[in-house]
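# Summary of structural features
Here are the chains, one letter per residue:
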Amino acid sequence: MNKLSVRDLDVKGKRILIRTDFNVPLDKKGEIIDIIRITSSIPTIKNVIDRGGRAILISHLGRAKGEVIEGLRMNKVAEKLEVALGKKIKKLNDCIGTSVEMSVAGMKDGDVILLENVRFYNEEEDNDPEFAQKLAKLCDYYVNDAFSVSHRAHASVVGVTKFVSKAAAGLLMEKEIKYLGQAVQNPKRPFLVILGGSKVSDKIEIFKHLLHKVDTFLIGGGMAYTFLKSQGILTGDSLVEKDKLDVANEILENVKKNHSKIILPVDHIIADEFSKTANSRVQDEKSIPDGWRGMDIGPKTIELFKKEIEKANTILWNGPVGVYELPQFKNGTIALAKLLAESKATTIIGGGDSAAAIHDSNVEDKITHISTGGGASLEFLEGKSLPGIEALSDIEGRKIFIAGNWKMNTLQKDARILINGIKEKTDGFKNIDIAFIPPYTHLFLMQDILKDSNIKFGAQNMYFEEKGAYTGEISPLMLKDLGCTYVIIGHSERRKYFNENDELLNKKIKSALKHGLFPIYCVGETQEERDKNLHQKVVEKQLINGLTGITSDEIKKITIAYEPVWAIGTGKNATPEQAEEMHKFIRNRISVIYDEEISSNVRIQYGGSVTSENVADILKQENIDGALVGGASLKIDTFSDLLKIANNL
Ligand code: PEP
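Residues numbered from 1 in each chain as written. Predicted model: local features only at pLDDT ≥ 70, side-chain atom pairs only at ≥ 80, totals over all residues. Heavy atoms only, no water.

Right, let's talk about the sheet that holds strand β5 (residues 141–144) for a bit. As summarised here, the arrangement of the 6 strands in space is β3-β4-β2-β1-β5-β6, forming an open sheet in which the pairing is parallel. Looking along the sheet, the strands with just one partner apiece sit at the ends: β3 (90–91) and β6 (167–169). Helix α2 (residues 42–50) rests against β1 (15–19), β2 (54–58), β4 (112–114) and β5 of the sheet, and its axis sits at about 150 degrees to β2. (Pairing = 2+ DSSP bridges. Helix = DSSP H or I, 4+ residues; strand = E, 2+ residues; numbered from the N terminus. Contact = heavy atoms within 4.5 Å. Axes fitted to C-alpha atoms, helices over the stretch in contact; angles between N-to-C directions.)

What follows is about helix α10 (residues 245–257). The end-to-end C-alpha separation of α10 is 18 Å, in line with the 18 Å expected for 13 residues at 1.5 Å each. Of the positions making up α10, those classed as buried are A248, I251, L252 and V255. An end-on view of α10 places all buried positions within 95 degrees of arc, on one side of the element. The exposed set on the far side of α10, more than 90 degrees from its buried face, consists of D246, E250 and K257. Structurally, α10 contributes buried residues whose contacts are with α8 (204–210), β8 (216–219), α9 (223–230) and β9 (261–263). Taken from the residues just after α10, H259 is the one with a positive phi, measuring 60 degrees. (Expected span 1.5 Å × (residues − 1). Buried < 20%, exposed > 50% of the residue type's maximum accessible area, 1.4 Å probe, protein only. Arc of directions from axis to C-beta.)

With that out of the way, let us pick up the site of the ligand. Near the ligand there are 15 residues, and of these K407, E563, G569, S609 and G630 occur at the shortest range. A distance of 3.1 Å separates an oxygen atom of the ligand from a polar atom in the side chain of N405. Interatomic distance of 2.9 Å between a side-chain N/O atom of K407 and an oxygen atom of the ligand. Taken together, the residues that form the shell around the ligand break down as 5 nonpolar, 8 polar and 2 charged. (Near = heavy atom within 4 Å. Polar contact = N/O pair within 3.5 Å; in protein donor to acceptor, adjacent residues only side chain to side chain. Nonpolar A, V, L, I, M, F, W, Y, C, P; charged D, E, K, R; others polar.)

A word on the sheet that holds strand β12 (residues 293–297). Whenever strands of a sheet pair, they do so through backbone hydrogen bonds, lying parallel or antiparallel. If you walk across this open sheet you meet the 3 strands as β11-β10-β12, and the pairing is antiparallel. Sheet topology places β11 (280–283) and β12 at the edges, where each strand pairs with a single neighbour. Between one strand axis and the next, the sheet turns through 35 degrees on average, direction left out of account. As paired elements, strand β10 (residues 268–271) and β12 share 4 bridges and run antiparallel to each other. Each bridged residue has a counterpart across the sheet, and for H268 the counterpart in β12 is I297.

One recurring pattern in soluble globular proteins is that nonpolar side chains are buried together. Within the largest apolar cluster, 66 residues are counted, with the highest numbers of intra-cluster contacts made by L17, L115, F207, F217, I219, F227 and I262. Shared between two domains, this core holds at least three residues of each, these being domain 1 (6–169) and domain 2 (177–389). Not counting residues up to four positions away in its chain, the partners in contact with F207 are L195, F217, I219, M223, F227, I251 and I262. Among the nonpolar cores identified, the runner-up in size contains 64 residues, and I422, L547, M582 and I604 belong to it. (Core = buried A, V, L, I, M, F, W, Y, C linked by side-chain atoms within 4.5 Å. Domains from an automatic or database assignment.)

Following this line, the structure appears as structure tokens:
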């Protein structure tokens, strides 16, 4: 996801407007029947308040159509929310205006306010800019956690984002995008898609969008009869979309051309009328006689589907395979729910009735992801962009990061001149991140001289323990105490002269992260290893070992530095093409260990005889995001020239 996440927001002391989906089902007396939408929003709310943010929640409930309807006030939601959150919240009787603004102004860190039903205003559905601006006025940042309404360009979903400095995705929203988006776009194969529901016309776009990615389609529900009929098979009185027979035929042809499979029911449960008291029986073949209609898939079809489910590694299911609202025809759908629960695959459910079958079978916790969005998930699976997601702030691209590693050089007086000189010459460089990595002995000086500067600093090494009898070592706590941001881990000189191995480096990385330091993890091969064509193998091993147990959130804080050992301090640098080839390889490995989105955001520096002469060509490479500079960082003019070139790129 290239959108900002609530996790990226610095929420401490800030007012965060969170668009939730509290459109809960109500019974005739106005009591809440199901609280899943309320409990699904808890992780995002907690993420904000546990970090000292002030959460202001806004949602719609029912179809108020611009009128205040007493039965659609958010009071009942507030009661359930308090229980789910385990915390007192304040429910207001409006969602804009002076009294709301005053209540918000009185909030303390960690407080939660629930605003009144936003659809009491027509301006919400009209996406009225003035109304959106009034909502935006309540907050510092906006978070959208209501995936299920993100296909609607409403004021609390889209309009408001125009008037806030940052609009981020909530955790539920992120989960929906992860599974309906990434897992489906880049599935682990075999990829099986089960489509049901009554009409082919509702699913045409999904077929078109997913055709080239899917290995096998299983078709059930009413739409199966249109497919069967398009093949000349008798379907009796079953629901058939006569005007979609050509489309169904075309889909079958395209699936064949694409070398994927589509499996239609081979037997059915049929009934003599569409009612819960209908006479019904198993029809042991594909065709259905006149006077009868298909209502559910039969036992042979379930067996056939079971075999495919067992083979799959990713399964997406949308739509019931029988008439789910009539109890005697829900067996096929329930059987599928159970089969999915037993499957080893990543299982993703989109659509109300398939989700209901999962709930009715009590297997929610065995399913990877059950989408909360009906219309929104359909549009997403059709490959459409949802206005509510589009409107969120983009993540900044990978910013160039240049770090100067002074190694074991400079005395205090040289260090002072060097820091001050470079600081003066690079003042106002906004396009790059800069860090000095001096010997430990100058860290105090750095802290003093760089206190008001954008330039950060760090250490060349650390031990993984916090304190104790480790004579000669420096701990992450000590580095933090001196204001360090970064720490180099696994520089080739430490691997070579101090026998540091990947196992030790992995411990150091974990400890640095635990204490809030950003590791610069060095990898790279020797000349001998390159000559033997082992360079990629060596780097891959260093990556896998060094990053063992590092989570997806933690990897975002690590900079990888590719430093071919043969190029360090030798004046013999890798060509930009050689460096790019390895950087691309590293990014690819990271996408395998984590995923593509994470790998596209991880910064990878190049290091090895970088100078002001070659830095431009190196940084122009697509996968190179900066440089770890040794020798050239020790001279004011050379390093500041190099930084200037990088800043102007
Ligand atoms: C380094 O020390 O990490 C380095 C790359 O050194 P140099 O730029 O001198 O090759």
